[in-house]
Structure formats: C-alpha cells, structure tokens
Number of protein chains: 2
Amino acid sequence: MLNIAIVGYGNIGKAVIEAIDAAKDMELVGVIMRASSLTKPQVSVPVVDEVGNLPTKPDVVILCSPSRTIPEVAEPYLLQGISTVDSYDIHSDIWELRERLGAAAKKGGSVALVATGFDPGGDSVIRALLEVFAPQGKTYTNFGPGMSMGHTAAVKAIAGVKNAMSVTIPLGTGIHRRLVYIEPHEGYDFDEITKTLKADPYFSKDETHVFLEHDIESLKDVGHGVNLVRKGVSGKTHNQLFEFDMRINNPALTAQVMVASARACKKQAPGAYTMIEIPMIDLLEGSREDHVRRLV
Amino acid sequence: MLNIAIVGYGNIGKAVIEAIDAAKDMELVGVIMRASSLTKPQVSVPVVDEVGNLPTKPDVVILCSPSRTIPEVAEPYLLQGISTVDSYDIHSDIWELRERLGAAAKKGGSVALVATGFDPGGDSVIRALLEVFAPQGKTYTNFGPGMSMGHTAAVKAIAGVKNAMSVTIPLGTGIHRRLVYIEPHEGYDFDEITKTLKADPYFSKDETHVFLEHDIESLKDVGHGVNLVRKGVSGKTHNQLFEFDMRINNPALTAQVMVASARACKKQAPGAYTMIEIPMIDLLEGSREDHVRRLV
C-alpha cells in the first residue's frame, strides 16, 4: 500500500480524495492545510498543519494548492524524502520547475512528478505521441467549451469584480473565443471593468465578449473539453490525420491523473519528471503482465 | 548517429528506409535479406544475407519480416548485442514474445522493442493513457475503413484463391464488418471458397460479405483508420468521454513508429519492452529540454 497525504482542500483536493478512495493500492493518511483555513475537511483522517504532525509518514504528497505556490511548497517535502505530485500549469515555467524540484528530489532521494493533470499532463502525452506518429507537421490544442480556472482568476483580480466566470470556446486551429460573465461590486462601472479586462494580456489577443450577470454561481459547470488535432508527415508520406477529443469533469480528471502519478513516483529513480518522461504502465494499478496482455 | 539495418524489404521495409532518411539522428547501414529473394532493393547501402557481412555493425535492426518469423529472427541479433525493433501483431502472444526476447536481450546486453507500429504500438499507448484518465470503464477499438493485412493473408491461404483483399469496416463499439474481394484461380468454385472463408475463425464471428473480382490490384489502397473510444469513471465521477481518431497511410505510420522505437532502444536498460513500458520522450528526436518546453 502506498501512503498518500494531500496538501490543500479545494475542488482538486476533494476530487483527489475520491480517486484515492477508488484505488485499491493506496491509502489516504492525512490532509495538510493551513491552521487558519476556514474550511473544515469532512474526512476520517488526521487534518494537520504540517506533515511532521501526521501519525503516518506519507510516501507521496499530492499538492492541491495553487500553481504559483508549488515551487516553495514542494521543495521541503522532496528534501525530506517525500515524493510530490503537482498539477503546475504555468506552461512557460515547467522546465524551470522541473530543474528546481529535480535538484531537491535528488538530494532527498525522492521523486517529483511535475505538471501532471489534463493539460499539461495527459494532453502532453498525446502531443508527444502524435510527434512520434508524424514528426513533421503541426498540432493544434483546442480547449473547451468549458470554464477556464486561470482566466476566471484573472478576471476576479480586476478591481470592482465581485464574482466572475470565464468560459473558453474553441474556434479550431488553436484559436479561442472567451465569454466572460461578471458580477460587479456595488458602485463599480461595468464598462470600465470591461475595458480593463480587454486590455489584460490574458484576454487581449483573443475574441472576448463580456456580459453583466447577477448570479455567477448559478452558471457554473466544471465540465470541460479538449480537441487535439495534428496533420503531418510519417517518413515521406504527407496528410496523416490524427484527432483526440475529450469531454470531461475537469477536477475529477485532474485529480485522477494526479493520483495515478503518485503511483508512478515509486517506480522512478530520484529526480523530477514530466508525464512524457515516464512509461504509461507505471501510472496503472495492477500487474505488468496483465496490462501488456490487455492493452498492447 | 545511430546505425540502423533493416531486415526484409517489403512494403514496411521500404517505408522504414524513407523514415530513416527523414530522421537526422540515424543512418541506414544496410539491408539484410535472403539471398534467394527475387526483389532487388533500390538502395545505396550494402544488401547482404546476414548481418556479419555488413561493413558497419548496426546498433539496431528493424525487423520488417512477417510476425510469425519474429521470435526466431530477433533472438540471434539480441544475443549478439544488437537491439531489435519489431511490429509483431499477434496480440495474444505478445507477452510470450516479450518474455522470450527479454531473456535473449539481457544475455546479449541489448534491447528488444516489441509490438511497435500502430496497433499494437501507438494505439496501445492511447489505451493505457485512457485507463490512467478513467480506470473504470470500457474502451472500444474500431478499425478501418481500410485493408487488413492479417485478414487478407488468411483469405489468400484458402485453396483456389489467386488474389484477394479483405477490407475492415468499423460498425462502432468494437464490432466490424468484413468486405472480402476474391479473384479465384481458374477451375475453382467461388461459392465453395466463400463457404470455406465464412467458416474460418478470422471471419466466422463477424458480418462478412464476399465479392467476386477480376482485378484485385486495382482496388488496393493502404489507407487505414482507427477510432478508439472510452467512456469511464475518474475517481467517482462517471461519464468521462474520450475519443481518438486517425486516418493514415498504414505502412508509413507503422514504419515511422518503428524508426522512433529504434531511437528509444538506446535509452533503455537491457531487456524487452512494449511501447506502454517506455517514456514517450525517448521516441522523439532532439533535446529533452526542447521537448518538455514544447510539448508539456
């Protein structure tokens, strides 16, 4: 049995607990969260403010805290010999995170699985496989329709925004429309907020539509989609066509991939890895022979 | 540079040469084929009847000979320390092949990458990834429309068949229709051949239609398709929907995956592996940092 603790108890943390519960080869040994947090987890395991206070030392911690906190949060665990799984999604900085956590993991004899989840993560594996299939060509990743966590957070950071939701609509070939629903604080001007939002680098390059709403919560749906398309060349043969499509509950998929990644941690040499750097079989529960017989 | 030789010079062999030519990190050092073969390869490298007669010892041989010959063909190379790549496609015996070639590879200090190509091979990676995404559920692999090499060979083996082609039509949820085009030898009864064919285990379980044809070659098209569908459960969330679709030139894709697998051979410890047992990044040409930055 693999002993797992989770760090953070938001949407992803709750879904991770469900996925651990559904796995037969691992056990939740605790939830680690700030003592000051207002949420009281509904769990049957110890809730502590630091890992040292858990009765059972975890083999792996699954980090369900915001991306920007990951480098600082992960490092101390890795140095203590506890492996980490994150769903760090700032694409431009993944290599740097991997370098930093790799150094800590090698020092602590642990493993960091970085940028797991659905994108980066599962989609990254698909993108790599499509380049194996057709090394020359172009892949387009189309997101949605669905709520974008990153874009929603960017809208909420604008002065005068009480609540908001940003929905991503795929227009094909990697081009996206943004539908932004905003509930302003009293006394703030909706048109002014819209102007600020449209100038924000998160939105300035995309077709963006902004709507005034008074009950954002009633609009929410964590369903999401990805459509990945590649047309390319195998050897000297052009027009090889590939398409991957998924329609999923976003936190449930992200959490499931993170839990599978916790399993894979125990099968790698100390260091940091992204999902394209580990064998798929290491993510699966069960015997190697059974997987090869069923899946190959 | 990785030195590669190919064994066999049929459709796949020719496509492998094209894919090696398109890769910047490897070089074709020879073609190995029976001295008695009637085909004379149009290549600028030595054509020999055994590997010892090549001026340059290859690091990897890509086996482009029929599946049933693979166990006997691969073993001597592996024992000599030369890695092998095959596209062995008898699904029920892949684990046994992996065991047998694994023993030889460990003895010779070489690597066998078994059952590469598009299915088994690329599709196996997709099937594994979909179980990572949703461990509970069912995956359907739908083949076609396109010519099935295995089924075509089975028809040609029936007495009285001069030439034939078996086309696979996907009916969804893993159910297939077979369209079989037959050119009989003179004096043979088409209805008798049809009866024998419909009783053959290759066809007896599927909806099979048999047609009399007089010019099979004019019907041939090596285009093929796969549609892989999974509906399953991530954690405790049902109705997660996944679909992978490709429309491809079959020999070109098979050959491209085999050539990528030759590259991956040099990155594994001695032994035998299927594609779900190696990291995707090992199959790609170029630097780790570049791949992580672009694909993750």
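Everything that follows concerns the structure shown earlier in this document.
### Some details on the interface of chain B and chain A
Now for step 1: Of the residues lining the interface, 62 residues belong to chain B; the matching set on chain A comes to 62 residues.
Now for step 2: Buried area between chain B and chain A, summed over both chains or domains, comes out near 5,500 Å², and the portion from carbon and sulfur atoms is 66%.
Now for step 3: Counting the contacts that link chain B with chain A gives eight salt bridges.
Now for step 4: For Glu-131 of chain A, the salt bridge is made with Arg-294 of chain B, and the minimal N-O distance between the two is 2.8 Å.
Now for step 5: At the boundary of chain B and chain A, one finds 24 residue pairs in polar contact (both at pLDDT 80 or more).
Now for step 6: Listed by contribution, the elements that provide at least two residues to the side of chain B that touches chain A are helix 1 (11-22), helix 3 (94-108), helix 4 (122-133), strand 12 (223-234), strand 13 (237-249), helix 7 (250-265) and helix 8 (288-295) of chain B.
Now for step 7: In terms of residues, the side of chain B that touches chain A owes the most to one element, strand 13 of chain B, which gives twelve residues.
Now for step 8: In terms of residue class, the side of chain B that touches chain A is made up of 34 nonpolar, 13 polar and 15 charged.
Now for step 9: In this sheet, strand 13 of chain B lies alongside strand 13 (residues 237-249) of chain A in antiparallel orientation, the contact comprising seven bridges.

### Overview of the packing of aromatic side chains
Now for step 1: Applying the stated criterion across every chain, the model contains five aromatic pairs over all chains.
Now for step 2: Measuring from centroid to centroid gives 5.3 Å for Phe-133 of chain A and Phe-242 of chain A, while their planes differ by 25°, and the two rings are stacked. Taken as a pair, Phe-133 of chain A in helix 4 (residues 122-133) and Phe-242 of chain A in strand 13 lie far apart in primary sequence, 109 residues in all. Exposure class is identical for Phe-133 of chain A and Phe-242 of chain A. Each is buried.
Now for step 3: With a centroid separation of 6.5 Å and 40° between ring planes, the pair formed by Phe-133 of chain A and Phe-244 of chain B is classed as tilted. Of this pair, Phe-133 of chain A sits in helix 4 while Phe-244 of chain B sits in strand 13, on two different chains. For the pair Phe-133 of chain A and Phe-244 of chain B, one class covers both residues: buried.
Now for step 4: What links up through ring pairs into an aromatic cluster is the set Phe-133 and Phe-242 of chain A together with Phe-244 of chain B.

### Description of the side chain of Arg-230 of chain B
All names here are of chain B.
Now for step 1: Secondary-structure assignment places Arg-230 in strand 12.
Now for step 2: Within the local environment of Arg-230, its side chain forms a polar contact with the backbone oxygen of Ala-134, the two atoms lying 2.9 Å apart.
Now for step 3: Residues within four places of Arg-230 in sequence aside, it is in contact with Leu-130, Glu-131, Ala-134, Pro-135, Gln-136, Gly-137, Lys-138, Thr-139, Gln-240, Leu-241 and Phe-242.

### Topic: the sheet that holds strand 8 (residues 146-147) of chain B
All names here are of chain B.
Now for step 1: With mixed pairing, the four strands of this open sheet are ordered in space as 8-9-10-11. Across the chains shown, the open sheet's two edge strands, defined by having one partner strand only, are strand 8 and strand 11 (207-212).
Now for step 2: Relative to strand 11, strand 10 (residues 176-184) runs parallel, the two sharing six bridges. Residue Leu-179 lies in a different strand from strand 11, and its bridge partner there is His-209.
Now for step 3: Sheet strands touched by helix 5 (residues 149-156): strand 8, strand 9 (161-170) and strand 10. Its angle to strand 9, the strand with the most contacts, is close to 145°.
Now for step 4: The strands touched by helix 6 (residues 190-199) within the sheet are strand 9, strand 10 and strand 11, with strand 11 carrying the most contacts at an inclination of about 155°.

### Let's talk about the pairing of strand 1 (residues 2-7) of chain B
Residue and element names in this part refer to chain B.
Now for step 1: With six of six residues buried, strand 1 lies mostly within the body of the structure.
Now for step 2: Of the pairings in the sheet, the one linking strand 1 to strand 2 (residues 26-32) comprises six bridges and is parallel in character. Within the sheet, the bridge partner assigned to Asn-3 lies in strand 2 and is Glu-27.
Now for step 3: Viewed along the sheet, the connection from strand 1 through helix 1 into strand 2 turns out right-handed.
Now for step 4: Relative to strand 4 (residues 60-63), strand 1 runs parallel, the two sharing four bridges. Looking at the pairing, Ile-6 lines up with Ile-62 of strand 4.

### A few points about helix 3 of chain B
Now for step 1: Across its 15 residues, helix 3 of chain B extends 21 Å between first and last C-alpha, which sits within 8% of the 21 Å expected from 1.5 Å per residue.
Now for step 2: Along helix 3 of chain B, the residues classified as buried are Ile-94, Trp-95, Leu-97, Arg-98, Leu-101, Gly-102, Ala-104 and Ala-105 of chain B.
Now for step 3: Summarising the contacts, the buried residues of helix 3 of chain B are in contact with helix 8 (288-295) of chain A together with helix 2 (70-79), strand 6 (111-113) and strand 14 (271-273) of chain B.
Now for step 4: Phi for Gly-109 of chain B, located one or two positions after helix 3 of chain B, is positive at around 70°.

### A look at the sheet that holds strand 7 (residues 136-143) of chain B
Now for step 1: Spatially, the six strands line up as an open sheet ordered 7(A)-12(A)-13(A)-13(B)-12(B)-7(B), and their pairing is antiparallel. Edge positions in the open sheet fall to strand 7 (136-143) of chain A together with strand 7 of chain B, since each of these has one partner strand only. Sheet twist, expressed as the mean angle between neighbouring strand axes with direction ignored, is 10°.
Now for step 2: Bridge count for strand 7 of chain B against strand 12 of chain B is eight bridges, and the pairing is antiparallel. Note that in strand 12 of chain B the partner of Phe-143 of chain B across the bridge is Val-226 of chain B.
Now for step 3: Along the sheet, helix 4 of chain B contacts strand 13 of chain A together with strand 7, strand 12 and strand 13 of chain B; its crossing angle with strand 12 of chain B, the most-contacted strand, is approximately 15°.

### Quick notes on the pattern of salt bridges
Now for step 1: All chains considered together, the criterion is met by 40 salt bridges over all chains.
Now for step 2: The shortest N-O distance in the salt bridge between Asp-206 of chain A and Arg-178 of chain A comes to 2.8 Å. Remark: Arg-178 of chain A occurs in strand 10 (residues 176-184) and Asp-206 of chain A occurs in the loop between helix 6 (190-199) and strand 11 (207-212); sequence separation between them is 28 residues.
Now for step 3: With relative accessibility at 9%, the residue Arg-178 of chain A sits in the buried group.
Now for step 4: As a salt-bridge pair, Glu-207 of chain B and Arg-177 of chain B come within 2.7 Å of each other at their nearest N and O atoms.

### Thoughts on the nonpolar core
Now for step 1: Core analysis: the largest hydrophobic core is formed by 162 residues, its most contacted members being Ile-6 and Ile-62 of chain A together with Ile-6 and Ile-62 of chain B.
Now for step 2: Every residue in contact with Ile-6 of chain B, bar those within four places of it in the chain, is listed here: Gly-13, Val-16, Ile-17, Ile-20, Leu-28, Gly-30, Val-31, Ile-32, Ile-62 and Cys-64 of chain B.

### Regarding the environment of Ser-83 of chain A
Residue and element names in this part refer to chain A.
Now for step 1: Inspection of the secondary structure puts Ser-83 in strand 5 (residues 83-85).
Now for step 2: Each C-alpha atom of the pair Ser-83 and Ile-94 lies 17 Å from the other, and the pair is eleven residues apart in sequence.
Now for step 3: In terms of polar contacts, Ser-83 uses its side chain to reach the backbone amide nitrogen of Val-111, at 3.0 Å.

### Some words on the relation of the copies chain B and chain A
Now for step 1: In screw terms, the move from chain B to chain A is a rotation of 180° and a rise of 0.0 Å along the axis, fitting with an RMSD of 0.1 Å. Such a turn and shift between the copies fits a two-fold axis.
Now for step 2: A symmetric contact is evident, with 100% of the interface residues of chain B recurring at the interface of chain A.

Calculation rules
Residues numbered from 1 in each chain as written. Chains lettered and ligands numbered in written order. Predicted model: local features only at pLDDT ≥ 70, side-chain atom pairs only at ≥ 80, totals over all residues. Heavy atoms only, no water. Contact = heavy atoms within 4.5 Å. Buried area = accessible area lost by both parts, 1.4 Å probe. Salt bridge = Lys/Arg side-chain N within 4 Å of Asp/Glu carboxyl O. Polar contact = N/O pair within 3.5 Å; in protein donor to acceptor, adjacent residues only side chain to side chain. Helix = DSSP H or I, 4+ residues; strand = E, 2+ residues; numbered from the N terminus. Nonpolar A, V, L, I, M, F, W, Y, C, P; charged D, E, K, R; others polar. Pairing = 2+ DSSP bridges. Phe/Tyr/Trp six-rings, centres within 6.5 Å; stacked < 30°, edge-to-face > 60°. Buried < 20%, exposed > 50% of the residue type's maximum accessible area, 1.4 Å probe, protein only. Axes fitted to C-alpha atoms, helices over the stretch in contact; angles between N-to-C directions. Right-handed = clockwise from strand over helix to strand, strands pointing away. Expected span 1.5 Å × (residues − 1). Core = buried A, V, L, I, M, F, W, Y, C linked by side-chain atoms within 4.5 Å. Least-squares fit on C-alpha atoms with pLDDT ≥ 70 in both.

The analysis is restricted to geometry; functional conclusions fall outside its scope.
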